[in-house]
Amino acid sequence: MNTDRTISDYLHRIGADRPAVPDAAALRDLQFRHLLAVPFENLSVHRREEIVLEDAALVAKVVERRRGGFCYELNGAFAALLRALGYPVTLLQARVFTGDGGLGIPYDHLTLLVETPDPDGTGSGRGVRRWLADVGFGNHCVRPLAFDERGDQRDPAGTFRLVETPEGDLDVLRDGKPQLRVDQRPRALADFTAGSWYHRTSPDSPFTRSLVCSRNTPEGRITLSGGRLVTTVNGARHERELDGDAEILAAYREHFGLDLDEVPQVMAGRTGERT
C-alpha cells in the first residue's frame, strides 16, 4: 500500500481525514471510524472465497470490494493503512480465551502494537507511547489500549486491564474477564497462514460453525447472525428474526453496505457467534 490514491480511498472508506501527524489522537479516531465503517464478518469462510494474507489483497477487499473480514484480514489491512500514514506497527499473535477458561490455538488472533510520539514522557520511557490497537475482534474495546499501562483502562465497551503472565505474555481483561493472551514477540503476516487456514476449514473453529456480520454503531452495535438481527443501543439489546431471504439481503445492504446476490449459508449447518 504505497500510493496516495489508495491511502485516500481507504480513509474515505472509513470516513476519516488524513491525520496531520501520526499521533495517539489520530490513532484513536482511525480505530473508532474503522470499527463503525468496516464490519467484522466471516462470509468468505462460508462462500468458499479465497483469503490471501498479503497487504494488497487485504486492502483491496476492504477498500475496493467494500467488504469486511475476520481478524487476520481487518487488522492486516489496518496495519497497512497505519504504516502508510507513518505509524510504526508490529504484528502480534494472540490466543482467545474460551468460555471454560481455556485458550484457543496459537495464532488464533492477529492484533497490533502501534507506536506514537510521547512528548510528555508518560509511556514506555523510550520517547514513544505504545498502543494495542484492534479492529478485528468483534465486540471489543473501541479505543486502543495503552500497552504499558497495568491499571484499569476505561472504554465505552467496558473496563480493560493488561496483566502480565509469568511467561511474559499479556492477558487482556475486560470487566475482569480474560479475553486474549497476547504474545509480545513480533510476527510477520505470513506467520498467521496456518491460523487462518484452521479457522476457515476446521469444524472446531467458531468461524465455520457461525455466520456473523457485525459492526459498531455510535450508540452500540449491530449484528446479523444467520437470520437474526441484534441491535444494542445504549446498553439495551433488541433481537429480531428476519422474514425470508429478501429481508436478510436487505439487512446486509442497509446495515453493512454489502450487496450480496444470495443469502450465505453456514458451512457446518450450525449457528453460533464468537463476537
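See above for the structure.
From a predicted model like this one, the values you see are computed outputs, not experimental measurements.

## Quick look at the packing of aromatic side chains
Next up, step 1: Per the counting criterion, the structure on display carries six aromatic pairs.
Next up, step 2: Note on Phe70 and Tyr72: the rings are 5.2 Å apart at their centroids and 85° apart in plane angle, and the pair reads as edge-to-face.
Next up, step 3: When its relative accessible area of 1% is taken as the criterion, Phe70 is described as buried.
Next up, step 4: Of the aromatic side chains, those joined through ring pairs into one cluster are Phe40, Phe70, Tyr72, Tyr107, Phe192 and Phe207.

## A closer look at helix H6 (residues 193-201)
An α-helical segment advances 3.6 residues per turn. Residues three or four places apart therefore align on the same side.
Next up, step 1: Taken together, the buried positions of H6 are occupied by Gly195, Ser196 and His199. Taken around the axis of H6, the buried residues stretch over an arc of 100°, which confines them to a single face. Turned more than 90 degrees away from the buried face of H6 sit Ala194 and Trp197, all of them exposed.
Next up, step 2: Packing partners of the buried residues in H6 comprise helix H3 (43-46) and helix H5 (71-84).

## Quick look at the side chain of Thr159
Next up, step 1: With respect to the helices, strands and loops of the structure, Thr159 is situated in strand S7 (residues 158-164).
Next up, step 2: There is a polar contact of 3.0 Å between the side chain of Thr159 and the side chain of Arg154.
Next up, step 3: Once residues lying within four places of it in the same chain are set aside, the contact partners of Thr159 are Asp152, Gln153, Arg154, Leu173, Arg174 and Asp175.

## Looking at the nonpolar core
Next up, step 1: Ranked by internal contacts, the top residues of the largest apolar core, which has 45 residues, are Tyr10, Leu30, Phe78, Leu82, Tyr87 and Leu112.
Next up, step 2: Among the secondary structure elements, those contributing two or more residues to this core are helix H1 (4-14), helix H2 (24-37), helix H4 (55-63), H5, strand S2 (89-96), strand S3 (109-117) and strand S4 (128-133).
Next up, step 3: Here this core takes nine residues from H5, the largest share from any one element.
Next up, step 4: Apart from residues no more than four positions distant in its own chain, Leu82 is found in contact with Leu27, Leu30, Tyr87, Val89, Leu112 and Val114.

## Some points on the pairing of S7
Next up, step 1: Alignment of strand S6 (residues 153-155) against S7, held across three bridges, turns out to be antiparallel. The partner of Gln153 across the bridge, within S7, is Phe160.
Next up, step 2: In textbook terms, the turn of a hairpin is the stretch between consecutive antiparallel strands, and for S7 and strand S8 (residues 170-174) this stretch comprises five residues, one of which, Gly168, has a positive phi near 95°.

## Here's the deal with the pattern of salt bridges
Next up, step 1: On inspection of all chains with the given rule, the structure shows 17 salt bridges.
Next up, step 2: Taking the shortest distance from any N to any O, the salt bridge between Glu239 and Arg228 comes out at 3.9 Å. Highlighted residues: Glu239 in strand S13 (residues 236-241) and Arg228 in strand S12 (residues 228-233), separated in sequence by eleven residues.
Next up, step 3: Put simply, Glu239 and Arg237 hold a salt bridge, and the shortest N to O gap is 3.1 Å.

## Some remarks on the side chain of Asp171
Next up, step 1: In this structure, Asp171 sits in strand S8.
Next up, step 2: On the accessibility criterion, Asp171 (10% relative accessible area) is buried.
Next up, step 3: At a separation of 2.7 Å, a polar atom in the side chain of Asp171 contacts the side chain of Arg181.

## Notes on the sheet that holds strand S1 (residues 40-41)
What links the strands of a sheet is backbone hydrogen bonding, and the strands pair in either a parallel or an antiparallel sense.
Next up, step 1: Ordered in space as S1-S10-S11-S12-S13, the five strands form an open sheet in which the pairing is antiparallel. The open sheet is flanked by S1 and S13, the only strands paired with a single partner.
Next up, step 2: By the bridge criterion, five bridges tie strand S10 (residues 213-217) to strand S11 (residues 220-225) in an arrangement that is antiparallel. By the bridge assignment for S11, Asn216 is matched with Arg221.

About the thresholds
- In this numbering scheme, every chain counts its residues from 1 along its sequence in written order.
- Totals for whole chains, interfaces and linings use every residue, but because this is a predicted model, local features are given only for residues with pLDDT of at least 70 and side-chain atom pairs only at 80 or more, for both listing and counting.
- As a convention, hydrogens and water are excluded, and side-chain values are obtained from all of the structure's heavy atoms.
- Side-chain rings of Phe, Tyr and Trp, where Trp is taken by its six-membered ring, are said to pair if the distance between their centres is within 6.5 Å; with planes under 30 degrees apart they count as stacked, over 60 as edge-to-face, and otherwise as tilted.
- Exposure is judged per residue with a 1.4 Å probe applied to protein chains only, and the accessible area is read against the type maximum: over 50% gives exposed, under 20% gives buried, and values in between give partly exposed.
- In this text, helices come from DSSP runs of H or I with a minimum length of four residues, and strands from runs of E with a minimum of two, each type numbered from the N-terminal end.
- By arc we mean the arc of the directions from the helix axis to the C-beta atoms, nothing more.
- Whether two residues are in contact is decided by their heavy atoms: any pair within 4.5 Å suffices.
- N or O atoms closer than or at 3.5 Å make up a polar contact, with two conditions inside protein: a donor-capable atom paired with an acceptor-capable one, and, for residues adjacent in sequence, both atoms drawn from side chains.
- Here, nonpolar core means buried Ala, Val, Leu, Ile, Met, Phe, Trp, Tyr and Cys residues that are tied together by side-chain atoms lying within 4.5 Å of each other.
- In this description, strands pair whenever DSSP reports at least two bridges between them.
- Think of a salt bridge as a Lys or Arg side-chain nitrogen and an Asp or Glu carboxyl oxygen that are within 4 Å of each other.

Structural measurements only, silent on function.
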